[in-house]
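Coordinate inspection notes
These are the residues of each chain, in order.
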Amino acid sequence: MSDYRANDMAAITAVLEGVYKAWAAADADAFVADYTQEATAILPGSYRASREEIRQSMAAGFASYLKGTTTTDRQLGIRFLGRDGAIVVSETGILFPGESEVPADRIVYATWVLEKRDGAWLVAGYHNSPVKSAG
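Quick look at the structure, then.

**Focus on the nonpolar core**
Membership of the largest hydrophobic core comes to 26 residues, with the highest contact counts inside it found for Phe31, Tyr35, Ile54, Met58, Trp112 and Leu114. Of all the secondary-structure elements, those providing two or more residues to this core are α1 (3-24), α2 (28-31), β1 (35-43), α3 (51-62), β4 (85-95), β5 (108-117) and β6 (120-130). Beyond its immediate chain neighbours, meaning those up to four positions away, phenylalanine 31 contacts Val19, Ala22, Trp23, Ile54 and Met58.

**Some remarks on the environment of tryptophan 121**
If you trace the backbone, tryptophan 121 turns up in strand β6. The exposure class of tryptophan 121 is buried, given its relative accessible area of 4%. When the C-alpha atoms of tryptophan 121 and valine 15 are compared, they prove to be 7.3 Å apart, with 106 residues separating the residues in sequence. Among the polar contacts made by the side chain of tryptophan 121, one reaches the side chain of aspartate 8 at a distance of 3.0 Å.

**Digging into the packing of aromatic side chains**
One pass over the full model with this rule turns up 7 aromatic pairs. Consider the rings of phenylalanine 31 and phenylalanine 62, whose centres lie 6.4 Å apart with planes at 75°: the pair is edge-to-face. Residue phenylalanine 31 is located in helix α2, and its partner phenylalanine 62 is located in helix α3; the two are separated by 31 residues in the primary sequence. With relative accessibility at 7%, the residue phenylalanine 62 sits in the buried group. Taken together through their ring pairs, the aromatic side chains of Trp23, Phe31, Tyr35 and Phe62 make up a single cluster. Residue placement shows arginine 5 over the ring face of phenylalanine 80; its charged tip is 3.9 Å from the ring centre.

**Some remarks on the sheet that holds β5**
In spatial order, the strands read β2-β1-β6-β5-β4-β3; together these 6 strands make up an open sheet with mixed pairing. The two strands at the open ends of the sheet, each matched to only one other strand, are β2 (46-48) and β3 (70-80). Looking at each pair of strands side by side, their axes are set apart by 15° on average, direction ignored. Along the sheet face, α1 touches β1, β3, β4, β5 and β6 and points at about 160° away from the line of β3. Helix-sheet contacts for α3 involve β1 and β2, and the interaxial angle to β1 is about 55°.

Here is what the cut-offs are and how they apply
Residues numbered from 1 in each chain as written. Predicted model: local features only at pLDDT ≥ 70, side-chain atom pairs only at ≥ 80, totals over all residues. Heavy atoms only, no water. Core = buried A, V, L, I, M, F, W, Y, C linked by side-chain atoms within 4.5 Å. Buried < 20%, exposed > 50% of the residue type's maximum accessible area, 1.4 Å probe, protein only. Helix = DSSP H or I, 4+ residues; strand = E, 2+ residues; numbered from the N terminus. Contact = heavy atoms within 4.5 Å. Polar contact = N/O pair within 3.5 Å; in protein donor to acceptor, adjacent residues only side chain to side chain. Phe/Tyr/Trp six-rings, centres within 6.5 Å; stacked < 30°, edge-to-face > 60°. Lys NZ or Arg CZ within 6 Å of the ring centre and 35° of its normal. Pairing = 2+ DSSP bridges. Axes fitted to C-alpha atoms, helices over the stretch in contact; angles between N-to-C directions.

These values are about where atoms sit, not about what they do.
Take a look at the structure:
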């Protein structure tokens, strides 16, 4: 892999680490700091059509049912789409206070779509879906 792509991979990983760090701090503004204005988020049963909608949703969650939560994240891969696009697939879950492991029924696969603008990688889209066991 070229140094160029290694640097991009490190920058993308840093963006996602920043999102999870903001989650742990319950900071909705920091959570969306590296999102594009027109970013979208699709989760089972919901659609958020902009960075501001995502921020508002996270702020409401941090003030209520997500209070005191953290997340786990295991990056499964990064795939580049040309020079300025990337897809990251990860396995993630929410840890509620007192939990040390995410129960299997709360683990999701997530797809992050990132775009490089003016030299910075930004989240343009996010989607997650519950992990289903085979069978």
